Structure formats: C-alpha cells, structure tokens
Amino acid sequence: MSDTQATSGFGKESVADETGATTAQAETRFGVPATSSRGQLVLHPSRDQLVDLVRTLRDDEGYRVCIDLTAVDYLAYEAPRRLPPDVTPERFEVVVGLLSHDTHERLRLRVQVPADDATCPSLFDVHPGTEALEREVYDMYGIEFTDHPDLSRILMPEDWDGFPLRKDHPVGAIPVQFKGVQNAR
Amino acid sequence: MKRGLEGLDHNVFTAKIEDLVNWSRRRSFWGVTFGLACCALEMMAAGASHYDLGRFGMEVFRASPRQSDLMIVAGRLSQKMAPVLRQVYDQMMEPKWVLSMGVCASSGGMFNNYALVQGVDQIVPVDVYAPGCPPGPETLIHAINTIHEQIQNGELLRRREARGQGAGAGVVVEQRDGQPEPATAASAGGGR
Amino acid sequence: MTSVSTDATARTYEGSQELTPRKGAGAAELMREVGSVLRMSEAEVAATADDEPTEDQTMILNMGPQHPSTHGVLRLMLELEGETVLRTKPVIGYLHTGMEKTGETLTYLQGPTNVTRMDYASPLFNELVFSLATETLLGIDGDIPPRAQWIRMLLCELNRMSSHLLFLATNGLDLGAVSMMLFGWREREETLRLLEMITGLRMNHNFIRPGGVAADLPDGWRDGVLRVLDLCAPRLDEYDELLTGQPIYRARLQGVGVITADEAIALGATGPILRSTGLPWDLRKDMPYLFYDQVEFAAVVGSYGDAFDRYAIRLNEVRESMAIVRQILGALPAGDYRIQDRKVTPPPRARIDESMEALIHHFKIFTEGFKVPEGEVYCAVESPRGELGCYMVSDGSAVPYRMHIRGPSFVHVQALPHMLRGGLIADAVAVISSVDPIMGEVDR
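Chains are numbered independently. Their residues run from 1 in the order of the written sequence. Here every chain gets a letter starting at A, and every ligand a number starting at 1, in the order they are written. Only residues with pLDDT of at least 70 get local features here, since the model is predicted, and only at 80 or more are side-chain atom pairs given and counted; chain-wide, interface and lining totals rely on the full set of residues.

Enquirer: Could you give me a rundown of the overall build of chain B, with the residues and numbers involved?
Expert: From N to C terminus, chain B includes six helices and six strands. In this scheme every C-beta is placed from the backbone, and a residue whose C-beta has 20 or more other C-beta atoms within 10 Å is buried, one with 12 or fewer is exposed, and one in between is partly exposed. Looking at the 192 residues of chain B, the share that counts as buried comes to 45%. Intrachain contacts of chain B at a sequence separation of at least 6 include 77% that bridge at least 24 residues. Labels follow the DSSP assignment, with helices taken as runs of H or I lasting at least four residues and strands as runs of E lasting at least two, numbered in each case from the N terminus. For every residue pair, C-beta atoms are placed from the backbone, and the pair is scored as a contact if these atoms sit within 7 Å.

Structure (structure tokens):
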C-alpha cells in the first residue's frame, strides 16, 4: 500500500532552521549571496560574476546542465522583494536554472538587470543550450545578451515592435461583444 | 436493333450543368495540410481509421495547395503565421473552400491577446466554422458533411454571394461530440 | 560539439580564413562559416536567392512552416550541398500564442486551461507541473491526498502512452509506413476514449488542478483501464514486427541524427534524446515526484544516440507505462481526490444548493481565485518529451506574477542543427520526427 505522503520533491522540507545553515554554506562555497525559496537554493550573483560562477559550477561542482534561462519583470510586483541584503533589486531579473546529474540537485541563479542598462553577459560559451533561451528572453523582455552569436527575435516576427512580456506591454485583448447565438440548443 | 432508341431511356439522364458541376465538386475533395495546433490532432483522428474521412474520399491531405480544394485551418493562427496562411490560400486553385476548425481559428478562442489573429476570417474568407476546443472528429465530420451538402445544393455559393464580395459563406455548425446518433437519416447532415 | 570559435577563423576550401565580424559579413562570407547552425537573418537568406551560384556556394532551401513532416509549424532553412545538409536554421514562432502573458491574467484555477494547450499531445503533464508549482508556492504540496496523487500518476502514464503512440504513428508516417499512422491512431483512440470517460474531454482536459484532481474516477474506470492495457500489449508486439525488425526502417533510422551524451548535455537535451545517448536520466527515477518511487519500472536507455534508439526508447516506454499503470491499479487507495483545504478547494457541488456559505465560497474561488503567498519556485516533471518545468513567481495575488514553462521541445529544436549536419534531406525528416517536437510548447 502507499505511504500517506507522496514524495513532493520540490518544496523540500529543508525547513526553516536548516535553511539558514544551507544558505550560509552556499555563500561560503560559491562566494555569492544565497537565499532559499520554498526549500530550493537560490544564488544571487551580479552580472559580472555570472559567467565565471556558471563556469565554475559546471566544471568543478558538477552542474553540467543549464536547464532553463528566463527572466522576470518586477515592475508591477506588489510584495516586498526578498533578496539578500547586499543585492540591490532592479527591474529585471534573469533566472538561470542548473541541474547536476551526479548529485541530483538543482540550483537557481537570479541576476539583477537594471532597466536603463538591460544587458547581461551571455552564457552561450559555457552552455550552448542557452542560445534559444536567451533569444527568447531578448524577444520577450528586450534584455540584450552580450557575446551572444545571434541575438534576434525568435518567437515574434522579426520586425515586431515592443517586448511582449514586459509589464508595461499590454496583453492586447480586444473587447468582445457577444451577439445572440442563433443555433442555441 | 429492335430495341433501338427505346433502351436509351435507361442509360441516359439529363440534368443541369450546374448540378453536375456541384455533384462533382462535392465528391472531389482533398484537404491541404494546415494543421497548426491541438485541432490538428483531432483532424488527424478524423482521418484515422475510427472516424475515417476515407469514406468521403478525403483521407488524403495533399501537402501542395495546388492539388487541394479544402483548407481546414486547424488551430490557432499567430501573427507570424498569418502571411503564410494567406499565401497558401492564394496558391489554391478555384473552387476552394475554407473550414475554420476550432474556436481559436474561428475567433481567437481563449487567447484574446497580442499574439493571435482573432479569427482567420480576417485573413481568408471562411465558409464553415466548426466550434470546439478542440472539436472532436464527429464535429469536424459534421462540418465537412455540411460543406458537402451545401455544395451539392448550391447553398454555399448562394451564401457567399449574399455576404458580398470575397466573403466566405460563414456557416456555423453545431458541436456533435458525444451526442447520441441522430434519429433519422433525413435529419443527419442537413446543414444550416 | 561545435564550439564557438573565439579566434574568428574558419577552415574553408581555400584554407584558413579569418572570419569577418558578423555584422560586416555578407551572405557569401557567412555561408563559408563552419558549424551547424546557420546564423543568417531571413532577409539575408532571401537576398542570396538572386545571386549567381558560384562553385563553392551552397543552396539554402526553406522547409516549412507549412509542410507535411515538420510536425507542426516548424520552419527549417537548410543549407544544402547537393542533397547533404550542412547547416540549419530553425525558425520558430509560428505558433506563438502569448500563453505566458495570458497566464499572468488568469487565476490559478484557470491556469491549467491555459498551460494544457502548450504541449497538446500530452496535456495532463502541463497541468501537472503547473499544479505542482502552485502547490509548492501554497505550501500544501505535502498535504495532497494520496488518492489524488495516484490518480494523477495514472492519468499521466496513460497520457504518456497516448503521446508515444502518436510519436510512433507520425514517425512511421514520416518514413513512409503509412499503415503505422493508422495503427498508432487506433490505439490512441482507445486511450483518448478512456481519458474522455475519466476526465470528460479527449484532449486539453483541465483535470489536474492545484489541490488534486477535478473529480473522482467514475464507475467502471478499472475495466476501462484493463481493457486498454490488454488491447495495447499484443499490438505493441505487432509494431515490433512491423517496424523494429524491418530492414528498411532500420536502415533509415540507424546511424541517423546521432548525438553524443556530451553534446546532448551541453545543449540541454532531456528525455528520450538524452537517454538515447546512454545516460540513464529520468526524472521519475532520479528526482521522483508523486509516488514514482513506489512503483517499479525501468528507465529505457539507448546506446547509439541515433534516431532508431529514440524510436525504440519510446516504444518500450509505452510498455513501461503499461506496467506502471498495472501497479497503480493495485495501489490506488481510497480517500479524497483533492485536498480539503477550504482556501484552495471549492465545496462539493451538492452543498451549494444547501448552504449559503458554500455558495459564496464557490463563487469566490471561481471568480476572484485563491491567493497564493509570494515567492518563486521551479518544479519539473518528466513529460514524454523530456523535462517539463514550470518557474512560477507569485506576489501574493490571485494570479501568477510570472509563469514560465520550460518546454523540452523548445530546447530540443536547438539540438536539431547538430543532428541534421551531414545527413540527407530525407534524414532531416526522420530526425525531426525522432525529436518529436510539439510546436505548442516550442512557441507557447
């Protein structure tokens, strides 16, 4: 028969009192501020530290896979930003997810990107699999990745104006007026 | 020689050319592959062995628009895809018919946003709209049967003219998924 | 793995050439670059059409987006030398639906209707990952009733079966085995019929919701499941006879679209593509969720990293899924089908007629939605295509602040140029089919 508790696997119960210990360990080990979000370890490198950190994580720590790269626009965020004390919150955040096949662990990196200088170094040289992911972030948010081999729009038409996932870009819904349906059953 | 011309009655029939043309148009129907999203899977299911478009001779979807008559726009049409749709439609040869399958193709569906064309009738003239998200194969076959019937009796062309220059017929069929079989053969496939 | 040449030289017919910086290079120069990915804009490619072809110039052929074998609206610009594919540029975005933007306007209960249409061949997985992310943010992920979790597993494994049957059908069709298309759809119909009985819809079910599942399993579901299992088992053996042992099928798939484990890891490939290279990585086994650590199954692993391995992996994954479903039939406990936390779960429908509070409660949940505490989380499941992840950011309101789905097919489209290089155009069709991309989750 089954256990009463499924393996949730995501919000790990590396609970409140342990969380402090794991983030402190991570900070000393990786050299960047760290937090924990629902039991998932998050590092907060700066833009300059990003590429070296990812390279170190890949070569020395076993995080060989960049599983995801996306961005968030915090313009309309209504809750307090929970960041480590020495990290200044900016409008955009580039979020990089890493995975280690050996230790079966995930790691998340959140990089602050200011609105007036929306650039970020590209991870293409470290993880070629970020090429399309960075193009999508550029397409949707307008964040330019320096040293990216081909930074062009990937989802929208090449001549599209605007960056759709930014919070100041409208959803584009057209008002709909429903007429009476003739074939109503 | 005794029978002479009398036997011919059984072997000759007369009809209007219009009816003959409609008869042949209704029976030579190949679709062009324009499956875009989830509706494409239901379209393929309609062509597969259980729902079987082959009984209408339509199991073949020609990839080339030159060789097809019916464009089933199956799925949501994004802004980037709209010129492609128009190009494929233009490459089809007359007579051509358009079936807008699913709510995303008919009106933008649940995605009322910047990325989708809110209804392919903004790009191509649509003759039949099949509602559903996705419409099951039964609804799709009902829509196809509706086109067939209305081609046969000329209704589709009349509706096109009534709606004006370059417009499609704009027939909306009802959903037939999971419904019990219609009671009589006469009420089946009697389009609207 | 092709490395980015940082020293800006390339080997060409005339020896080592220094590459002009990309912005200054014309089409002719760009076409001498060595690599797998064709990095020219569409305007530049269009301009090459008017050039007089020279001896060392290759031809760029456009395939798609409307094409019978691009599995949806994928456009490939193939650079050809004769019939050999050199470099490729996949162009996507023809199905971009703005789902992530729409997801920011829908409540958490409406969210599954949106995400389920991303990977439309396996919709329950999208709903599952969205629900798991929401539950993790809510903090209730440990409290979901076991019956709900087992039902989720059952539905997901059935969906994996139907998705892999779809793959087998389209793979056969792309290679010319048209009868496989009809056979695969025959089985898929049975699975869809069963899912319709359980969830109410054949596709895009919106059944797995935050808190559990939408409804309990109906009467007679056990017979339905057993019937599907008993039907599929001998037919999979038929497909083995029809395809696996067949020399033409093997010749067309073996050695085609080879990718090594290092390349796959570097490109972020997961799922059958990664397993075909020999790395036994399956999230269900290595980072288990739901109750996957309590069922016994094998992660099917290939060795050559070619298209045939990927086909064989998926065929055998159907068998493994059937084994998992049989175990679920034995292990499914009684209990609630969704969490009884009133903040998240609407009341039972019958109570709405009796109690005013229940009516208001139902109304509030379905119109305003429930609020999720602020935070951010990433959850991933093993979908038939690979690792399907959901990164969700909440700011304490009733709609997600940011909902990003990491679609495996999006990342695999990047791997296509590396798999197509050196093959023929016909192999390109086979390789695209073996990657099994679903454009709904590529473009979202």
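Following the structure, the description resumes.
Enquirer: Can you tell me about the interface of chain C and chain B, naming the residues and giving the values?
Expert: With 25 residues of chain C at the interface, the matching set in chain B holds 28 residues. Elements supplying a minimum of two residues to the side of chain C that touches chain B: helix H3 (99-103) and helix H7 (178-199) of chain C. Broken down by element, the residue count for the side of chain C that touches chain B peaks at four residues, all from H7 of chain C. In the side of chain C that touches chain B, the residues fall into ten nonpolar, ten polar and five charged. Side-chain classes are defined by residue name, with Ala, Val, Leu, Ile, Met, Phe, Trp, Tyr, Cys and Pro counting as nonpolar, Asp, Glu, Lys and Arg as charged, and the others, Gly among them, as polar.

Enquirer: So what's going on with the sheet that holds strand E3 (residues 70-74) of chain B? Which residues, and what values?
Expert: Paired through backbone hydrogen bonds, the strands of a sheet run either parallel or antiparallel to each other. Residue and element names in this part refer to chain B. As summarised here, the arrangement of the six strands in space is E2-E1-E3-E4-E5-E6, forming an open sheet in which the pairing is parallel. Two strands close off the open sheet at either side, each with one partner strand: strand E2 (61-62) and strand E6 (171-172). Two strands qualify as a pair provided DSSP detects at least 2 bridges between them. As judged from the two bridges shared by strand E5 (residues 128-130) and E6, these two strands associate in the parallel manner. In the sheet register, Tyr129 faces E6, and the bridge partner there is Val172. Those strands touched by helix H5 (residues 137-152) are strand E4 (97-101), E5 and E6, and its axis lies near 165 degrees from that of E5. Lines fitted to the C-alpha atoms define the axes, with helices restricted to the stretch that makes contact. Angles between their N-to-C directions range from 0 to 180 degrees.

Enquirer: Can you lay out the interface of chain C and chain A for me, pointing to particular residues and giving the numbers?
Expert: Facing the 59 residues of chain C at the interface are 47 residues of chain A. If you list the elements that add at least two residues to the side of chain C that touches chain A, you get H3, helix H5 (123-138), helix H6 (146-175), helix H10 (261-266), strand E8 (375-383), strand E9 (386-394), strand E10 (402-406) and helix H16 (408-420) of chain C. Among the elements that line the side of chain C that touches chain A, the one with the most residues is E8 of chain C, at five residues.

Enquirer: If you had to explain the sheet that holds strand E2 (residues 40-43) of chain A to someone new, which residues and values would you point to?
Expert: All names here are of chain A. A sheet is described by the order of its strands in space; here five strands give the open sequence E1-E2-E5-E4-E3, paired in mixed fashion. Both edges of this open sheet fall to strand E1 (34-37) and strand E3 (65-73), since each of them pairs with a single strand only. Across the sheet, the mean angle from the axis of one strand to that of its neighbour is 25 degrees, orientation sign disregarded. Inspection of the sheet shows E3 paired to strand E4 (residues 92-100) by eight bridges, in the antiparallel sense. By the bridge assignment, Asp68 is partnered in E4 with Gly97. Together, E4 and strand E5 (105-113) form the strand contacts of helix H2 (residues 47-59), whose direction differs from that of E5 by roughly 165 degrees. Lying over the sheet, helix H3 (residues 131-141) contacts E3 and E4, oriented at roughly 5 degrees with respect to E3.

Enquirer: Quick rundown of the nonpolar core? Include the residues and the values.
Expert: By convention in this section, buried Ala, Val, Leu, Ile, Met, Phe, Trp, Tyr and Cys residues joined through C-beta atoms within 7 Å make up a nonpolar core. Within the largest apolar cluster, 223 residues are counted, with the highest numbers of intra-cluster contacts made by Val73 of chain B together with Val129 of chain C. When residues of this core are assigned to domains, at least three fall in each of domain 1 (27-90 + 409-444) and domain 2 (109-370) of chain C. Apart from residues no more than four positions distant in its own chain, Val73 of chain B is found in contact with Phe34, Leu85, Val98, Ser100, Met101, Ala105 and Val120 of chain B. Domain start and stop positions are those given by an automatic or database domain assignment.

Enquirer: Talk me through unusual backbone geometry; I want residue IDs and the actual numbers.
Expert: Residue Glu94 of chain B is joined to Pro95 of chain B through a cis peptide bond whose omega torsion reads -10 degrees. Looking at the secondary structure, you find Pro95 of chain B in the loop between helix H3 (82-91) and E4. Of note, the amide linkage connecting Cys133 of chain B to Pro134 of chain B takes the cis form, showing an omega dihedral of -10 degrees. With respect to the element layout, Pro134 of chain B can be found in the loop between E5 and H5. Non-glycine residue Arg38 of chain A carries a positive phi angle of around 50 degrees. Within the secondary structure, Arg38 of chain A sits in the loop between E1 and E2.

Enquirer: Break down the pairing of E5 of chain A for me, citing the residues and quoting the values.
Expert: One face of the sheet, then the other: side chains in a regular strand alternate in exactly this way. Residues and elements named next belong to chain A. Most of E5 sits out of view: eight of its nine residues are buried. Across two bridges, E2 lies against E5 in parallel orientation. Paired with Leu43 across the bridge in E5 is Leu109. Looking at chain direction, E4 and E5 are connected through nine bridges and run antiparallel. Each residue of the ladder has a partner; that of Gly97, found in E5, is Arg108.

Enquirer: How would you explain the environment of Glu79 of chain C if you had to name every residue and give the values?
Expert: Assignment of secondary structure puts Glu79 of chain C in strand E4 (residues 75-81). Once the C-alpha coordinates of Glu79 of chain C and Ile60 of chain C are considered, the two residues, 19 residues apart in sequence, prove to be 4.3 Å apart.

Enquirer: Tell me what's going on with the domain arrangement of chain C, and back it up with residues and numbers.
Expert: All names here are of chain C. Taken domain by domain, chain C holds domain 1 (27-90 + 409-444) and domain 2 (109-370). Computed from C-alpha atoms alone, the centre-to-centre distance between domain 1 and domain 2 is 31 Å. The partner domain 2 presents 23 residues to the 21 residues of domain 1 that form the contact. Elements represented by at least two residues in the side of domain 1 that touches domain 2 include exactly H16, helix H17 (425-435) and helix H18 (439-443). Take the side of domain 1 that touches domain 2: its biggest share by element is seven residues, from H17. Its residues placed into classes, the side of domain 1 that touches domain 2 shows eight nonpolar, nine polar and four charged.

Enquirer: Tell me what's going on with the packing of H6 of chain C against helix H13 (residues 307-331) of chain C, and back it up with residues and numbers.
Expert: Residues and elements named next belong to chain C. The N-to-C vectors of H6 and H13 enclose an angle of 155 degrees; their axes lie 9 Å apart at closest approach. If you check the angle between H6 and H13, you find them roughly antiparallel. You can see that H6 and H13 cross each other, and the crossing is left-handed. Contact residues: H6 offers Trp150, Met153, Leu154, Glu157, Leu158, Arg160, Met161, His164, Leu165, Phe167, Leu168 and Asn171, while H13 offers Tyr311, Arg314, Leu315, Glu317, Val318, Ser321, Met322, Ile324, Val325, Ile328 and Ala331. Of the residues assigned to the contact of H6 with H13, the class counts are 16 nonpolar, three polar and four charged. Small angles under 35 degrees read as roughly parallel and large ones over 145 as roughly antiparallel, with 65 to 115 read as roughly perpendicular and the rest as oblique. Two helices crossing with the near one rotated counterclockwise from the far one by less than a right angle form a left-handed crossing, whereas a clockwise rotation gives a right-handed crossing.

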